[in-house]
Amino acid sequence: AQKVTQAQTEISVVEKEDVTLDCVYETRDTTYYLFWYKQPPSGELVFLIRRNSFDEQNEISGRYSWNFQKSTSSFNFTITASQVVDSAVYFCALSEAPVFPGTALIFGKGTTLSVSS
Amino acid sequence: DTEVTQTPKHLVMGMTNKKSLKCEQHMGHRAMYWYKQKAKKPPELMFVYSYEKLSINESVPSRFSPECPNSSLLNLHLHALQPEDSALYLCASCQGDYNEQFFGPGTRLTVL
């Protein structure tokens, strides 16, 4: 069975602190896709990144970085020098492959990040 | 254009009302989804349309009725809802290559 675990329910940091959001997944598939979404208070789920199971390169995009480790089934997300605008709920998600139009995403329960000034 | 639009943004309805939620995308995506999200919970899949055909119905009560008039539009018809149906309803679309789903801003539904 496929499962995504985000053990951190809530995290509070002060601006400029670095913060890491953990994501652990379970799947029997050898090919799969992992995602991170951000949901600010406005409600819209914003796509941040997709990572393929066969690509373990870490990714950096500005203040955001992602660490994918198949050996520990983890796909962690780090925000460097956090800002108030980073306050949101962050969801990690998993998708099996092959993907057909209409394949479901398996979401973790989400981590609420609060950044104070 | 990487946008999914949803109308209305907010909806308040009584238990005897009939209303519809609308979703539109112009990215040529082949799959469209309805999710329901309660506060502090992840999105919960309701329906999936693939190539305009209903492919997944996650045992949703019949008071929710989806419709896909064409490849760009997705509706969710609501009838005789219960107060526990109050939630954020999110629409998403996906081309299907890697299952990157793009979400609309959602409709906040309150059932009185």
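Predicted, not measured: the structure shown is a model, and the values here were computed from it.

**A closer look at the overall build of chain B**
Alright, step 1. Across its full length, chain B holds zero helices and 11 strands.
Alright, step 2. In chain B, the succession of α and β elements from N to C terminus is β-β-β-β-β-β-β-β-β-β-β.
Alright, step 3. In summary, chain B has a C-alpha radius of gyration of 13 Å against a globular reference of 13 Å for 112 residues, a match within 12%.
Alright, step 4. Taken along its principal axes, the extent of the C-alpha atoms in chain B is 40 × 25 × 20 Å.
Alright, step 5. Burial statistics for chain B: of 112 residues in total, 46% are counted as buried.
Alright, step 6. Accessible surface, chain B as shown: approximately 5,500 Å² in total, 49% of it carbon and sulfur.

**Points about the pairing of strand E11 (residues 107-111) of chain B**
Along any regular strand the residues' side chains alternate between the sheet's two faces.
Residues and elements named next belong to chain B.
Alright, step 1. Taking every second residue as pointing to the same face, the buried face of E11 carries Thr107, Leu109 and Val111, while none of Arg108 and Thr110 on the other face is buried.
Alright, step 2. Both strand E2 (residues 10-13) and E11 contribute to a ladder of four bridges, which runs parallel. Bridging across to E11, methionine 13 finds its partner in valine 111.

**Some points on the interface of chain A and chain B**
Alright, step 1. Contact residues are listed per partner, giving 24 residues for chain A and 27 residues for chain B.
Alright, step 2. Carbon and sulfur atoms supply 57% of the area that chain A and chain B bury against each other, a total of about 1,900 Å² over both sides.
Alright, step 3. At the surface where chain A touches chain B, the tally comes to one salt bridge.
Alright, step 4. Ionic pairing is found between Glu100(B) and Arg50(A), a salt bridge with its closest N-O pair at 2.5 Å.
Alright, step 5. In this assembly, chain A and chain B are joined by nine residue pairs in polar contact (both at pLDDT 80 or more).
Alright, step 6. Mapped onto the side of chain A that touches chain B, the elements with two or more residues apiece are strand E5 (32-39), strand E6 (46-52) and strand E10 (88-96) of chain A.
Alright, step 7. Per-element accounting of the side of chain A that touches chain B gives the leading share, four residues, to E5(A).

**Concerning the packing of aromatic side chains**
Alright, step 1. Enumeration over the complete set of coordinates arrives at 21 aromatic pairs over all chains.
Alright, step 2. The interplanar angle of 85° and the centroid separation of 6.0 Å between the aromatic rings of Tyr64(A) and Trp66(A) together place this pair among those described as edge-to-face.
Alright, step 3. Tyr64(A) sits in the buried class, given a relative accessible area of 14%.
Alright, step 4. Given a relative accessible area of 5%, Trp66(A) falls into the buried group.
Alright, step 5. One aromatic cluster in this structure is built from Phe35(A), Tyr37(A), Phe47(A), Phe91(A), Phe107(A), Tyr33(B), Tyr35(B), Phe102(B) and Phe103(B).

**Topic: the pattern of salt bridges**
Alright, step 1. According to the stated counting rule, one finds six salt bridges over all chains in the structure shown.
Alright, step 2. Via salt bridges that share partners, Arg51(A), Asp55(A) and Glu59(A) belong to a single interconnected network.

**Here we look at unusual backbone geometry**
Peptide bonds are trans in most cases, and residues, glycine excluded, mostly fall at negative phi.
Alright, step 1. The omega torsion of the bond from Thr7(B) to Pro8(B) falls at -10°, within 30 degrees of zero and hence cis.
Alright, step 2. Tracing the backbone shows Pro8(B) in the loop between strand E1 (4-7) and E2.
Alright, step 3. Located in the positive-phi region is Lys16(A), a residue other than glycine, with phi close to 80°.
Alright, step 4. Assessed through its relative accessible area of 71%, Lys16(A) is described here as exposed.
Alright, step 5. Within the chain, Ser59(B) stands out as a residue other than glycine whose phi angle is a positive 55°.
Alright, step 6. Within the secondary structure, Ser59(B) sits in the loop between strand E6 (53-57) and strand E7 (64-70).
Alright, step 7. On the basis of relative accessibility, which here comes to 72%, the residue Ser59(B) falls in the exposed class.

Reading guide: rules and limits
Residues numbered from 1 in each chain as written. Chains lettered and ligands numbered in written order. Predicted model: local features only at pLDDT ≥ 70, side-chain atom pairs only at ≥ 80, totals over all residues. Heavy atoms only, no water. Helix = DSSP H or I, 4+ residues; strand = E, 2+ residues; numbered from the N terminus. Rg over C-alpha atoms; globule rule 2.2 N^0.38 Å. Buried < 20%, exposed > 50% of the residue type's maximum accessible area, 1.4 Å probe, protein only. Areas by Shrake-Rupley, 256 points an atom, 1.4 Å probe, with all protein chains shown as cover. Pairing = 2+ DSSP bridges. Contact = heavy atoms within 4.5 Å. Buried area = accessible area lost by both parts, 1.4 Å probe. Salt bridge = Lys/Arg side-chain N within 4 Å of Asp/Glu carboxyl O. Polar contact = N/O pair within 3.5 Å; in protein donor to acceptor, adjacent residues only side chain to side chain. Phe/Tyr/Trp six-rings, centres within 6.5 Å; stacked < 30°, edge-to-face > 60°.

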